[in-house]
Amino acid sequence: AAAEAAQMQAAAAAEATAASAHAADAATQTRVRELEQQLDAANAQTAAAAVAAMNAEAAASAEAVASSAALADATTTAAALIEQHSVAVAAAADKSEEDDTRICVLEEQ
C-alpha cells in the first residue's frame, strides 16, 4: 500500500510537472507573439520614417533645383543690365566726343 501511495504521488507530481511545463510553454508562445507584434510595429515605423526621409530629401532637391533656376535667371538679368549699361556708357562717350568736336569747330569759327 505504501508503494502504491508513493506511485500515486509520483504520478501526481509528474502530472503537475507536465501541467506546469504546458503552462510555461503557453506563456512562452504568448510572449513570442507579443515580441513579434512589437517587431512588426517597429519595422512599420522604420519603413514610415524611411519614406518620410526620402520625401524630405526629394523636396529639398526640388527646392535646390528651383533655387538654382532662380539664380540662373537673376544672373541672366544682371548680365543683360550690365550689357545695357555698357551700351549706354558707350553711347554717352560717343555723344561727349561729338559735343567736343562741335565745340572745337565752333571755337575755330
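My aim in this report is to walk through the structure given alongside it, one point at a time. (Residues numbered from 1 in each chain as written. Predicted model: local features only at pLDDT ≥ 70, side-chain atom pairs only at ≥ 80, totals over all residues. Heavy atoms only, no water.)

## Examining the overall build of the protein
So, step 1. Secondary structure summary: the protein contains 1 helix and 0 strands in total.
So, step 2. The C-alpha atoms of the protein give 47 Å as radius of gyration, which overshoots the globular expectation for 109 residues (13 Å, by more than 25%).
So, step 3. Principal-axis analysis of the C-alpha atoms gives the protein an extent of 160 × 15 × 5 Å.
So, step 4. Across the 109 residues of the protein, 0% fall into the buried class.
So, step 5. Computing the positive centroid from 4 side-chain charges and the negative centroid from 17, the protein places the two 5 Å apart. (Helix = DSSP H or I, 4+ residues; strand = E, 2+ residues; numbered from the N terminus. Rg over C-alpha atoms; globule rule 2.2 N^0.38 Å. Buried < 20%, exposed > 50% of the residue type's maximum accessible area, 1.4 Å probe, protein only. Lys, Arg positive; Asp, Glu negative; His and termini not counted. Charge placed at Lys NZ, Arg CZ, Asp CG, Glu CD.)

## Considerations on the environment of I82
So, step 1. Tracing the chain through its elements places I82 in helix α1 (residues 2-108).
So, step 2. Given a relative accessible area of 57%, I82 falls into the exposed group.
So, step 3. Expressed as a C-alpha distance, the spacing of I82 and D99, which sit 17 residues apart in the sequence, is 25 Å.

## Some words on a negative patch on the surface
So, step 1. Residues D94, E97, E98 and D100 make up a contiguous surface patch of negative charge.
So, step 2. Here D100 shows up in helix α1.
So, step 3. The class for D100 is partly exposed, based on a relative accessible area of 43%. (Patch = residues over 30% accessible without salt bridge, like charges linked within 9 Å, V, L, I, M, F, W, Y side chains within 5 Å. Areas by Shrake-Rupley, 256 points an atom, 1.4 Å probe, with all protein chains shown as cover. Salt bridge = Lys/Arg side-chain N within 4 Å of Asp/Glu carboxyl O.)

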